[in-house]
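# Chains, contacts and geometry: an overview
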Amino acid sequence: AVTLLTFNGVTDWLQFSEVTQRLNLDEEVAKRVLHSLSCAKHKILLKEPMSKSISKSDKFKVNLDFSCPMRKIRIPMAS
């Protein structure tokens, strides 16, 4: 939830380093969190380039087209 709040009010792409700095997280933990939100079943964040791995040069943005018919969704943490 805190990661999503980082993107609150941001309409442009954020670099991996910017997200890591705003969250004050270790890079490995940030990679796991961002992978969960951008590469899993529910793609809440858009990632550029679209690949299955997270690198330091990736950019992220909120997926404004995301919708889910379920009231609650579960987002497992990537290992």
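Residues numbered from 1 in each chain as written. Predicted model: local features only at pLDDT ≥ 70, side-chain atom pairs only at ≥ 80, totals over all residues. Heavy atoms only, no water.

## Regarding unusual backbone geometry
Going by this rule: Numbering of helices and strands starts at the N terminus; helices are DSSP runs of H or I of at least 4 residues and strands are runs of E of at least 2.
Put simply, glutamate 48 and proline 49 share a cis peptide bond, and its omega is 0°. Locating proline 49 in the fold gives a position in the loop between strand 2 (45-48) and strand 3 (59-62). Of note in the backbone geometry, asparagine 24 takes a positive phi value of approximately 55° without being a glycine. Mapping asparagine 24 onto the fold places it in the loop between helix 2 (16-23) and helix 3 (27-38).

## As for a nonpolar patch on the surface
What counts, and what does not: For patch detection, residues must exceed 30% relative accessible area and be free of salt bridges, and they are connected within 9 Å for like charges or within 5 Å for nonpolar side chains (Val, Leu, Ile, Met, Phe, Trp, Tyr). Computed by Shrake-Rupley with a 1.4 Å probe, the accessible areas treat only the displayed protein chains as cover when residues are assessed. Only one rule defines a salt bridge in this text: a Lys or Arg side-chain nitrogen within 4 Å of an Asp or Glu carboxyl oxygen.
A grouping of Leu25, Val29 and Met77 is seen on the molecular surface, where their side chains present a nonpolar patch of about 220 Å² in accessible area. Along the chain, valine 29 turns up in helix 3.

## Here's the deal with the pairing of strand 2
Residues in a regular strand point their side chains to alternate faces of the sheet. The condition that has to hold: Three exposure classes are used, based on accessible area relative to the maximum for each residue type with a 1.4 Å probe and protein chains only: buried under 20%, partly exposed in between, and exposed over 50%. By the convention used here, strands pair only if DSSP detects at least 2 bridges between them.
Of the two faces of strand 2, only one is covered, namely that formed by Leu45 and Lys47; the face formed by Leu46 and Glu48 stays uncovered. Bridge analysis of strand 2 against strand 3 gives four bridges, and the strand direction is antiparallel. By the bridge assignment, leucine 45 is partnered in strand 3 with valine 62.

## Observations concerning the side chain of threonine 6
Short version of the rule: Residues are treated as being in contact if the distance between any of their heavy atoms lies within 4.5 Å.
Among the structural elements, threonine 6 can be located in helix 1 (residues 2-6). With residues up to four places along the chain from it excluded, the contact list for threonine 6 reads Leu14, Arg22 and Leu23.

## Considering the environment of lysine 52
Within the fold, lysine 52 resides in the loop between strand 2 and strand 3. Separated by 26 residues in sequence, lysine 52 and aspartate 26 have C-alpha atoms that sit 20 Å apart.

## Brief notes about the nonpolar core
Counted only if it meets this: By nonpolar core we mean a set of buried residues, namely Ala, Val, Leu, Ile, Met, Phe, Trp, Tyr and Cys, connected to one another through side-chain atoms within 4.5 Å.
Core analysis: the largest hydrophobic core is formed by 14 residues, its most contacted members being Phe7, Phe16, Val19, Leu34 and Phe60. For this core, the secondary-structure elements that each account for two or more residues are helix 2 and helix 3. Beyond its immediate stretch of four places on either side in the chain, leucine 34 contacts Thr3, Phe16, Val19, Cys39, Leu45, Ile54 and Phe60.

## Examining the sheet that holds strand 3
How we decide: Angles shown run from 0 to 180 degrees and are taken between the N-to-C directions of axes, each axis being a line fitted to C-alpha atoms and, for helices, limited to the stretch in contact.
The sheet built from three strands is open, its strands ordered 1-3-2 with antiparallel pairing. Edge positions in the sheet fall to strand 1 (14-15) and strand 2, since each has one partner strand and no second. Contacts between helix 3 and the sheet are confined to strand 2 and strand 3, with strand 2 contributing the most and set at about 110° to the helix.

## Points about the pairing of strand 3
The pairing of strand 1 with strand 3 spans two bridges and is classified as antiparallel. Bridging from a neighbouring strand, glutamine 15 pairs with lysine 59 of strand 3.

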